[in-house]
Amino acid sequence: MINRSKISEYCTGTTGLRMCGRTACTLAADEVSRASQYRDRGGQRRQPRWKDGDSDKYRPSYNKSPQSLSPVLLSQRHFVKNAPVDECVLAVMRWGLVPAWFKENDPNKMQYSTNNCRSETLLEKKSYKDPLLKGQRCVILADGFYEWRRQEKDKQPFFIYFPQTQGPVHVKTEDQDEGTPCKEDLQTCSSEEGSVDQKEEDKGDHEWRGWRLLTIAGLFDCWTPPSGGDPLYTYTVITMDASPNLQGIHDRMPAILDGEEEVRRWLDFGEVKSLDALKLLQSKNTLTFHPVSSFVNNSRNNSSECLQPVDLQAKEPKPSASSNMMMGWLKSSTHPKRKESDIGEVKQEGHTRETRPEKQLKTAGPLQQWLQGANKKPRTN
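Because the structure is predicted, anything quoted here is derived from the model rather than measured. (Residues numbered from 1 in each chain as written. Predicted model: local features only at pLDDT ≥ 70, side-chain atom pairs only at ≥ 80, totals over all residues. Heavy atoms only, no water.)

### A closer look at the overall build of the chain
Thought 1: Regarding its fold elements, the chain presents 9 helices and 17 strands.
Thought 2: For the chain, restricting intrachain contacts to residue pairs at least 6 apart in sequence, the fraction spanning at least 24 positions comes to 74%.
Thought 3: Accessible surface computed for the chain: about 17500 Å², of which carbon and sulfur atoms make up 46%. (Helix = DSSP H or I, 4+ residues; strand = E, 2+ residues; numbered from the N terminus. Contact = heavy atoms within 4.5 Å. Areas by Shrake-Rupley, 256 points an atom, 1.4 Å probe, with all protein chains shown as cover.)

Here's what the structure looks like:
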């Protein structure tokens, strides 16, 4: 019998035996839609809509853990039988796959963890093989994910995300190497040019110029209680060997889809069969990262302090341009739906305490601006 306490440890970064399960997604529902623009088979740019009612279920969070609700992108055909396969829709799903064949009436009675699944063994386990062969592929959306590096006596958390660049996020220049941070002069949008959000409001539903969301490959399933009731949509994050630049943190990482074409092919189960889709899952140096405070270790902590870069006393390089970009994006975000309340306080175990930034870097630029300007405490799932 599997020890549930051990499963909990695997998901909170205290054992190092499995990839940790923690992400952040701080955009408002309409921002997630705009940041998730995709191209269909004909090359036409499309903006996905939310599945009916799901935009109200979604809650932004700096610290999402398994069993919480996350935004996922998938083919509309999974919900509407006559919809084009290459038409995408946004939905909210619970993290931790519950197989359609699960016989208990309570999904929490599952005796094993399905938060992650290994890309190497997808076809060996029924829980993942069934949805894979049915084309139930999805893309989990996040600002980034957290991972813990084992040290002598404790673990150091890092926030890992796509390098950020100026301009529409779908543009990929030929002379930019994978994983190369953008140039150091990215003092974006907070002065004479106006804020990122103001630009986007002016542009309406056009190209998204804000934070580039991580696009993580996943599988989903739909479970209905045997005794009857509403269906429950859940997902699992596909993991693989870490890319060379992340191996110093952990030996595993989520399977990242880099660019619109990879996202399109992963989701288009009509054109791209399962075995061909698996070929998209390759280890590439496409991500960047910065160290953060152990404040994020407690999943109940949900404020911008989770993302703040910290100074590891010269053990780590200085803040990258991409971390600067994040700071700017947080500060310049003035969207009313993202500013639900003051994040100067964090509720923890029924109590309220003020946040205490530990060894925060005096980082100028986009990341600092984003963190300082968000001033919200996202609702938890």
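### Some details on the packing of aromatic side chains
Thought 1: Enumeration over the complete set of coordinates arrives at 9 aromatic pairs.
Thought 2: Judged by centre distance (6.1 Å) and plane angle (15°), the ring pair of Trp95 and Tyr235 falls under stacked. A residue pair is termed long-range when its members are at least 10 positions apart, and Trp95 in strand β7 (residues 88-95) and Tyr235 in strand β13 (residues 232-241) qualify at 140 residues. There is no split in this pair, since Trp95 and Tyr235 are both buried.
Thought 3: A ring pair is formed by Phe220 and Tyr233, whose centres lie 6.4 Å apart and whose planes are at 40°; its orientation type is tilted. On the criterion of sequence distance, the pair formed by Phe220 in strand β12 (residues 214-223) and Tyr233 in strand β13 is long-range, its members being 13 residues apart.
Thought 4: Classification of Phe220 as buried rests on a relative accessible area of 3%.
Thought 5: Members of the aromatic cluster, joined through ring pairs, are Tyr146, Phe159, Tyr161 and Trp211.
Thought 6: Over the ring of Phe79 we find Lys51; its NZ or CZ atom is 5.2 Å from the centre of that ring.
Thought 7: Cation over ring: Arg137 sits above Trp266, and NZ or CZ is 5.4 Å from the ring centre. (Phe/Tyr/Trp six-rings, centres within 6.5 Å; stacked < 30°, edge-to-face > 60°. Buried < 20%, exposed > 50% of the residue type's maximum accessible area, 1.4 Å probe, protein only. Lys NZ or Arg CZ within 6 Å of the ring centre and 35° of its normal.)

### Overview of the sheet that holds strand β15 (residues 288-291)
Thought 1: The antiparallel open sheet is built from 5 strands, whose spatial order is β5-β1-β10-β11-β15. Either end of the sheet is taken by a strand with one partner, and the two such strands are β5 (61-64) and β15. Direction aside, neighbouring strands of the sheet carry axes that sit 30° apart on average.
Thought 2: Of the strand pairs in this sheet, strand β1 (residues 23-25) and strand β10 (residues 144-150) are connected by 2 bridges, and their pairing is antiparallel. When the sheet's bridge partners are listed, Ala24 is paired in β10 with Gly144. (Pairing = 2+ DSSP bridges. Axes fitted to C-alpha atoms, helices over the stretch in contact; angles between N-to-C directions.)

### Focus on unusual backbone geometry
Thought 1: At Gln67, a residue that is not glycine, the phi angle is positive and equals roughly 80°.
Thought 2: Of note, Gln67 is situated in the loop between β5 and β6 (69-75).
Thought 3: Overall, Gln67 belongs to the partly exposed group, its relative accessible area being 40%.

Just geometry here; none of it tells us what the structure is for.
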